[in-house]
Amino acid sequence: MDTCEELYLDLMKKCLTNWIYRDAEAQIRTPGRGLRRLIGLPGRLARRLKSGQLRSNPSSVPRGEGREDGADWPAYAHTMVGLHRLNNIQFCVESVLNDNVPGDLIETGVWRGGAAIFMRAVLKAHRVTDRRVWAADSFEGLPAPNAKRYPQDASAAFNTYARLAVSLEEVRANFDRYGLLDDQVRFLKGWFRDTLPTAPINRLAVIRLDGDMYESTMDGLVNLYPKLSPGGYLIVDDYGAIEACRQAVHDFRQANGINEEIVPVDWTGAYWRRAR
């Protein structure tokens, strides 16, 4: 029989993705799987999945073509990451709690706040009061590409997507709707290059990067990974879908001698656990 905590978190996932009312929701499907055609899901990722070089993350949610996989831009839902990636957040957070891995939780690039809200919900469900959830975002959309310094972002146009700009006030209100806006939630407003180097964070147990671009991904890795506790998790939302993001991950891992296995979550999300 499911526990009250399990039922609560399952309901949270369905509410955050608007799974319950999805039949009545107009879906904007330009990005998602369409985005993969524009940006390019690498064939080598699919081949590595098939060959077993990348290990699949088990999920209790049946695979599908839309909301399950986070393959659409929902009109009303508070997250676009889908059920599989929310399952991954739950797995990572509960793992560090069970193993007493010290540190807070952070998401860089929060959109409407759904994934960070779910992080807070997992802490709430397990009655954890000594960890914080950090939500880092410009709350103004993505930055214009700095092609001179980061040529990998030269063709990026995310800064032109008005739907990616969600204000801090709206994100705070979304936390509040779920009764999860409290002293355990902290917001870092501004470009990652400005906020992350001086963020008042001592130790992290779970880092979730959702910055799309090479620059944004590298900013998160350079400034946050040194604070990740052994046994903690690094999650990258855009690893499978966006070449520039994936390249940033590979460049950082190579420069820092990181060899932990990269585990796919779904068609784009991936993660690894820092060696203990």
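The structure this text deals with has already been given above.
Residues numbered from 1 in each chain as written. Predicted model: local features only at pLDDT ≥ 70, side-chain atom pairs only at ≥ 80, totals over all residues. Heavy atoms only, no water.

1. Observations regarding helix α1 (residues 4–16)
Here is step 1: Its 13 residues give α1 an end-to-end C-alpha distance of 18 Å, which sits within 8% of 18 Å, the value for a rise of 1.5 Å per residue.
Here is step 2: When α1 is considered as a whole, its buried residues turn out to be L9, M12, K13 and L16. With its buried residues spanning 100 degrees around the axis, α1 presents them on a single face.
Here is step 3: On its buried face, α1 is in contact with α4 (82–98) and α5 (114–125).
Here is step 4: Where α1 ends, the next residue or the one after it, N18, has phi of about 55 degrees, a positive value. (Helix = DSSP H or I, 4+ residues; strand = E, 2+ residues; numbered from the N terminus. Expected span 1.5 Å × (residues − 1). Buried < 20%, exposed > 50% of the residue type's maximum accessible area, 1.4 Å probe, protein only. Arc of directions from axis to C-beta. Contact = heavy atoms within 4.5 Å.)

2. Considering the environment of V166
Here is step 1: Along the chain, V166 turns up in the loop between β4 (133–137) and α6 (168–177).
Here is step 2: V166 sits in the buried class, given a relative accessible area of 4%.
Here is step 3: The sequence separation of V166 and D137 amounts to 29 residues, and the corresponding C-alpha distance is 9.3 Å.
Here is step 4: Once you skip the residues sitting within four places of it in the chain, V166 turns out to touch W111, R112, F139 and V171.

3. Digging into helix α8 (residues 214–224)
Here is step 1: With 10 of its 11 residues buried, α8 lies for the most part within the structure.
Here is step 2: Along α8, the positions that sit buried rather than exposed are Y214, E215, S216, T217, M218, D219, G220, L221, N223 and L224.
Here is step 3: Residues of α8 that are buried make contact with β3 (104–108), α7 (192–195), β6 (204–209), β7 (228–236), α9 (243–255) and β9 (270–273).

4. Section: the packing of α4 against α5
Here is step 1: Contact pair α4 / α5: the axes reach a minimum separation of 10 Å and the direction vectors enclose 40 degrees. Along this stretch, α4 crosses α5, giving a crossing that reads as right-handed. Taking contact as the criterion, the partners of L86, I89, Q90, V93, E94 and L97 in α4 are, on α5, A115, F118, M119, V122 and L123.
Here is step 2: Class assignment for the residues of the contact of α4 with α5 results in 9 nonpolar, 1 polar and 1 charged. (Axes fitted to C-alpha atoms, helices over the stretch in contact; angles between N-to-C directions. Left-handed = near helix turned anticlockwise from the far one by under 90°. Nonpolar A, V, L, I, M, F, W, Y, C, P; charged D, E, K, R; others polar.)

5. Concerning unusual backbone geometry
Here is step 1: Here N100, not a glycine, exhibits a phi torsion of approximately 55 degrees, which is positive.
Here is step 2: Here N100 is to be found in the loop between α4 and β3.
Here is step 3: Residue classification places N100 among the exposed residues on the basis of a relative accessible area of 62%.
Here is step 4: One non-glycine residue, W111, lies in positive phi territory at about 50 degrees.

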